[in-house]
Amino acid sequence: PESNQELMQQKRMISDFLEKEERMIVPEENEIGTAFQYINLDGDSEKEIIVFYANKESNFMLGFMILDLQNDSWELLHKTTAYGTDIHYFSVQDLDKDNIPEFLLGVKTGYGSMKELYIYQLADNELIDVTSEDRISYDQIVLAEPEDEKPLIVTARTDTTVLVGSSNITVYEYNNQAVYPVYDNTFDGYCSDIRFAKVHRDIEGIYMAMRYNHYINMLLLCEIDDTYTVTLEHPIPYDYEEMDGIELFGDVNNDGIIEINSLWSPENNLSGRPYADYVHVWLQWDGVEGFRAVSAILADHTNGYHFMMPIAWMDTLYYDFYTENEIAWTEFYYENEERSFETVFALAAVDRLIWDEISDDVADTVVVLGNNPALNKVYIADIKVTSFNGFEIDAGKLISCLQIEGGESS
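Thresholds applied
- Residues numbered from 1 in each chain as written.
- Predicted model: local features only at pLDDT ≥ 70, side-chain atom pairs only at ≥ 80, totals over all residues.
- Heavy atoms only, no water.
- Helix = DSSP H or I, 4+ residues; strand = E, 2+ residues; numbered from the N terminus.
- Contact = heavy atoms within 4.5 Å.
- Areas by Shrake-Rupley, 256 points an atom, 1.4 Å probe, with all protein chains shown as cover.
- Lys, Arg positive; Asp, Glu negative; His and termini not counted.
- Charge placed at Lys NZ, Arg CZ, Asp CG, Glu CD.
- Buried < 20%, exposed > 50% of the residue type's maximum accessible area, 1.4 Å probe, protein only.
- Pairing = 2+ DSSP bridges.
- Axes fitted to C-alpha atoms, helices over the stretch in contact; angles between N-to-C directions.
- Core = buried A, V, L, I, M, F, W, Y, C linked by side-chain atoms within 4.5 Å.
- Patch = residues over 30% accessible without salt bridge, like charges linked within 9 Å, V, L, I, M, F, W, Y side chains within 5 Å.
- Salt bridge = Lys/Arg side-chain N within 4 Å of Asp/Glu carboxyl O.

A. Highlighting the overall build of the chain. The helix and strand inventory of the chain stands at three helices and 33 strands. By its C-alpha atoms, the chain is 80 × 55 × 40 Å across when sized along the principal axes. Sequence-distant contacts in the chain: of pairs separated by 6 or more residues, those separated by 24 or more amount to 44%. Total accessible area on the chain is roughly 21200 Å²; 43% of this is exposed by carbon and sulfur atoms. Charge-centre separation for the chain: the mean point of 24 positive side chains lies 5 Å from the mean point of 77 negative side chains.

B. The environment of His280, seen in detail. In this structure, His280 sits in strand β22 (residues 279-285). By relative accessible area, His280 is classed as buried at 12%. Put simply, His280 and Ile260 are 20 residues apart on the chain and 9.8 Å apart in space, counted from C-alpha to C-alpha. Sequence-distant contacts of His280, defined by excluding residues within four places in its chain, comprise Ile246, Asn261, Ser262, Leu263, Tyr275, Ser295, Ala296 and Ile297.

C. The sheet that holds strand β13 (residues 152-159), seen in detail. Pairing in this open sheet of four strands is antiparallel, and the strands run β12-β13-β14-β15 from one edge to the other. Of all the strands in the sheet, the pair left with one neighbour each is β12 (140-144) and β15 (178-188). Recorded for the sheet is a direction-independent mean angle of 20° between the axes of neighbouring strands. The pairing of β12 with β13 spans five bridges and is antiparallel. Looking at β13, one finds that Ile141 is bridged to Thr155.

D. Geometry of the sheet that holds strand β23 (residues 291-300). An order of β20-β21-β22-β23-β24-β32 is seen for the six strands of this open sheet, with the pairing classed as antiparallel. The open sheet has two edge strands, β20 (249-250) and β32 (402-404), and neither has a second partner. Relative to β32, strand β24 (residues 305-309) runs antiparallel, the two being bridged by three bridges. Note on β32: the bridge partner recorded for His306 is Gln403.

E. Geometry of the nonpolar core. Counting 52 residues, the largest nonpolar core has Phe307, Met309, Leu317 and Phe345 as the members making the most contacts within it. In contact with Phe307, not counting residues within four places along its chain, are Ala296, Ile297, Leu298, Phe345, Leu347, Leu398, Cys401 and Leu402.

F. Representation of a negative patch on the surface within the structure. Together, Asp148, Glu149, Glu173, Glu223, Asp225 and Asp226 make up a region of like negative charge exposed at the surface. Tracing the chain through its elements places Asp226 in the loop between β18 (216-224) and β19 (227-236). The class for Asp226 is exposed, based on a relative accessible area of 75%.

This is the structure we're talking about:
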């Protein structure tokens with residue numbers, strides 16, 4: 001829709017196809033954030049409309065409709081009915097590569113975090129529920145789309161009835177209007193996230209974040225010799241409950257290969273800073289039996305900056321947080337030849353008014369790295385040494401490491 005008026009007209013048109021007890025709803029895992037979407041299902045020049053709905057008078061009846069534009073008029077092509085409390089997941093895919101789309105509808109059952117997957121296929125202009133006899137239950141789901149093969153459905157079902165807990169991981173293929181498992185295994189821990197992606201130059205795999213009480217165990221599942229094998233295991237020793245909002249997976253160096261986020265802890269953290277303030281070290285599988293760091297980022301979104309730590313520095317530096325004269329510093333230090341700890345430099349973001357008051361007093365020791373007019377912040381560094389462990393350091397080097405959100409480096 002090009003305007004709010006167009007959007008309202010479309011909603012009114014769609015409402016004509018709903019029964020009086022039905023209303024439109026937005027699927028939970030819907031990046032578009034709307035109760036309907038346009039998808040070209042038949043390869044013609046016109047897109048069809050997929051509409052998601054729920055029955056207001058029955059908490060357990062919902063589904064989707066397909067509307068098609070025929071002779072300048074919208075017609076109801078198909079309508080499905082599923083049973084659950086909400087729509088969790090929806091995707092249109094050609095699972096068996098026959099140029100006929102399948103519709104994947106994930107529905108919350110109302111029993112804890114459990115969901116059920118409905119798969120529909122178009123056959124003879126009818127929408128067939130191919131999972132009517134055997135629903136796929138899941139807590140987590142991801143559609144794996146290998147570069148040279150048919151898409152796969154990967155699910156995790158968690159068992160929370162015991163203290164340690166476990167997760168059943170299943171990989172499904174789809175063919176001839178049937179979905180069947182090609183891999184099934186149970187692991188300790190609660191699977192809180194699944195990602196399918198390229199994990200090395202020419203290798204695709206499935207990362208699984210298995211949650212325990214006070215840490216996360218990362219498992220990497222790869223297909224080797226026509227079977228799936230756990231290729232790598234990497235524990236992340238942080239309390240999961242405090243990691244809300246922290247991304248575990250990402251392609252931070254934009255090379256098309258996914259990395260996992262492993263936090264670099266401060267030595268003492270006497271200021272009690274949250275995990276979000278720690279240095280985030282992004283690790284990429286080396287293709288053998290370990291990880292290599294590709295990026296280390298000290299991100300402070302509140303103050304509008306990222307500090308990209310040189311990877312080579314990480315082996316010899318330590319860091320911590322402290323506050324002095326109401327300025328919150330991040331201090332980096334190393335162990336010198338006398339086996340004592342010596343500060344290399346410290347970073348801080350200060351309000352412009354505070355900086356204007358103190359700048360003259362600290363001009364001999366503190367340098368300005370950049371400014372953020374939008375947040376009224378000045379980024380400063382107190383550089384204590386010119387070199388450490390063979391690395392040269394000056395204001396120019398720190399400025400090159402600083403990325404300011406909407407601001408400018410000095």
